[in-house]
Amino acid sequence: MGLYSFHYSYFLYMLPALVLSVAAQIWVHSSFQKYSRVGNAKGITGEEAAWQVLHFGGVMGVRVQPIAGNLTDHFNPSTKIIGLSQPVYGQASIAAVGVAAHEAGHAVQHARGYLPIKIRTALVPAVNIGSRFSIPLIMLGLLLPVQYTVVVYIGMGLYGLAVLFSLVTLPVEFNASRRALQALRETRTLSPVELSDARKVLTAAAMTYVASTLTALLSLVRLASIVHARRGR
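Student: Just to check I follow, could you spell out the sheet that holds strand E1 (residues 63–67) for this structure?
Tutor: Pairing between the strands of a sheet comes from backbone hydrogen bonds, and it takes one of two forms, parallel or antiparallel. Taking strand neighbours across the sheet as the criterion, the three strands line up as E1-E3-E2 in an open arrangement whose pairing is mixed. Both outer strands of the open sheet, E1 and strand E2 (74–76), are each paired with one neighbouring strand and no more. Ignoring which end each strand starts from, the neighbouring axes of this sheet average 25° apart. In this sheet, strand E3 (residues 81–85) lies alongside E2 in antiparallel orientation, the contact comprising three bridges. Bridge pairing in E3 places Phe-75 opposite Ile-82. Across the face of the sheet, helix H2 (residues 46–56) comes into contact with E1 and E3 while running at roughly 155° to E1.

Student: Even after reading the chapter, I still don't get the nonpolar core, so can you show me in this structure?
Tutor: Most often, soluble globular proteins have nonpolar side chains that are buried together. Counting 33 residues, the largest nonpolar core has Leu-54, Val-62, Ile-82, Leu-84, Val-88 and Leu-190 as its most contacted members. Ranked by size, the runner-up nonpolar core spans eight residues in total, among them Ile-138, Val-152, Tyr-159 and Val-163.

Student: It is not clear to me how the pattern of salt bridges should be interpreted in this structure. Could you clarify?
Tutor: Opposite charge on two side chains permits pairing when their charged atoms draw close. Considering all chains together, one arrives at three salt bridges under this definition. The partner of Glu-173 in a salt bridge is Arg-120, and the shortest N-O contact between them spans 3.6 Å. In this pair, Glu-173 is assigned in helix H6 (residues 149–186) and Arg-120 in helix H5 (residues 115–143), connecting sequence segments 53 residues apart. A residue is classified by how much of its surface remains accessible, and Arg-120, at 18% relative accessible area, is buried. For Glu-186, the salt bridge is made with Arg-185, and the minimal N-O distance between the two is 4.0 Å. Residue Glu-186 is classed as partly exposed on the basis of its relative accessible area of 47%.

Student: Sorry if this is basic, but what is going on with the packing of H5 against H6 here?
Tutor: For any two helices packed against each other, one specifies the inter-axial angle together with the distance between the axes. At a minimum axis separation of 6 Å, H5 and H6 run at an interaxial angle of 150°. In terms of axis orientation, H5 runs roughly antiparallel to H6. At the point where H5 passes H6, the crossing takes the left-handed sense. Counted by class, the contact of H5 with H6 contains 26 nonpolar, five polar and two charged residues.

Rules of the game
- Every chain's residues receive numbers from 1 upward, in the order its sequence appears when written.
- With pLDDT at 70 or above as the cut-off, local features in this predicted model cover only qualifying residues; side-chain atom pairs require 80 or more to be listed or tallied, and sums for whole chains, interfaces and linings still use all residues.
- Based on all heavy atoms of the structure, the side-chain values leave hydrogens and waters out of the count.
- At least two bridges found by DSSP between two strands are what make those strands a pair.
- Where helices and strands are cited, they refer to DSSP runs of H or I of at least four residues and of E of at least two residues respectively, numbered from the N terminus.
- Note on geometry: axes are lines fitted to C-alpha atoms, helical ones only across the stretch in contact, with angles between N-to-C directions running from 0 to 180 degrees.
- We call two residues contacting when some pair of their heavy atoms lies within 4.5 Å.
- Residues belong to one nonpolar core when they are buried, are Ala, Val, Leu, Ile, Met, Phe, Trp, Tyr or Cys, and are joined through side-chain atoms within 4.5 Å.
- Exposure is judged per residue with a 1.4 Å probe applied to protein chains only, and the accessible area is read against the type maximum: over 50% gives exposed, under 20% gives buried, and values in between give partly exposed.
- In what follows, salt bridge is the name for a side-chain nitrogen of Lys or Arg lying within 4 Å of a carboxyl oxygen of Asp or Glu.
- The scheme is simple: roughly parallel for angles under 35 degrees, roughly antiparallel for over 145, roughly perpendicular for 65 to 115, oblique for anything else.
- Throughout, a crossing is termed right-handed when the near helix is turned clockwise from the far one, and left-handed when it is turned anticlockwise from it by less than a right angle.
- Side-chain classes follow a simple rule in which Ala, Val, Leu, Ile, Met, Phe, Trp, Tyr, Cys and Pro form the nonpolar group, Asp, Glu, Lys and Arg form the charged group, and the remainder, Gly included, forms the polar group.

Structure representation (structure tokens):
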């Protein structure tokens, strides 16, 4: 495959994913900034919202603590710690409550044995290996004579693990938001209007995962097209 064809395939497959990824990042940052300036009526902070969701889900033994950064919020299942960034932990905004509740939703998933998150956790070791060796193997296979295309296929198989990981991540993220919003509604932590605004923040955040998954899928399709064109030479 010539250099022109290689670059042409990049723009054909990856440009839409790149545009979507940038748009998703702009959306999530603008939504977070907008609703970070909107306080909730009860003055519930992100930390308190996380505890509300944990208690609603009957989860014990999880800690909530502040961490550095912006939008670095996460739940670590190995330490059972929900880390909330500075704009979330002690802030009583709609955005803070939504983000904190979402991370607590992940803690509930682990406690309840939610199947997709168990699958995602099981994939982590294989995905780590694939992320290290997939691209080098693919590039090596493309440089070797065509009879060694099997090397490319091995690399694509490893890359496919990352695609599978992204696909499994989607239900995990959407389910965590659903659990969070249900807890906030049932505990009356947020009013219906505030709940709607929190949903907007979480929807914007979910779109970053959709964009990431699309990028991974299109990358795999692009690699497959390159291999197919190479075999047809």
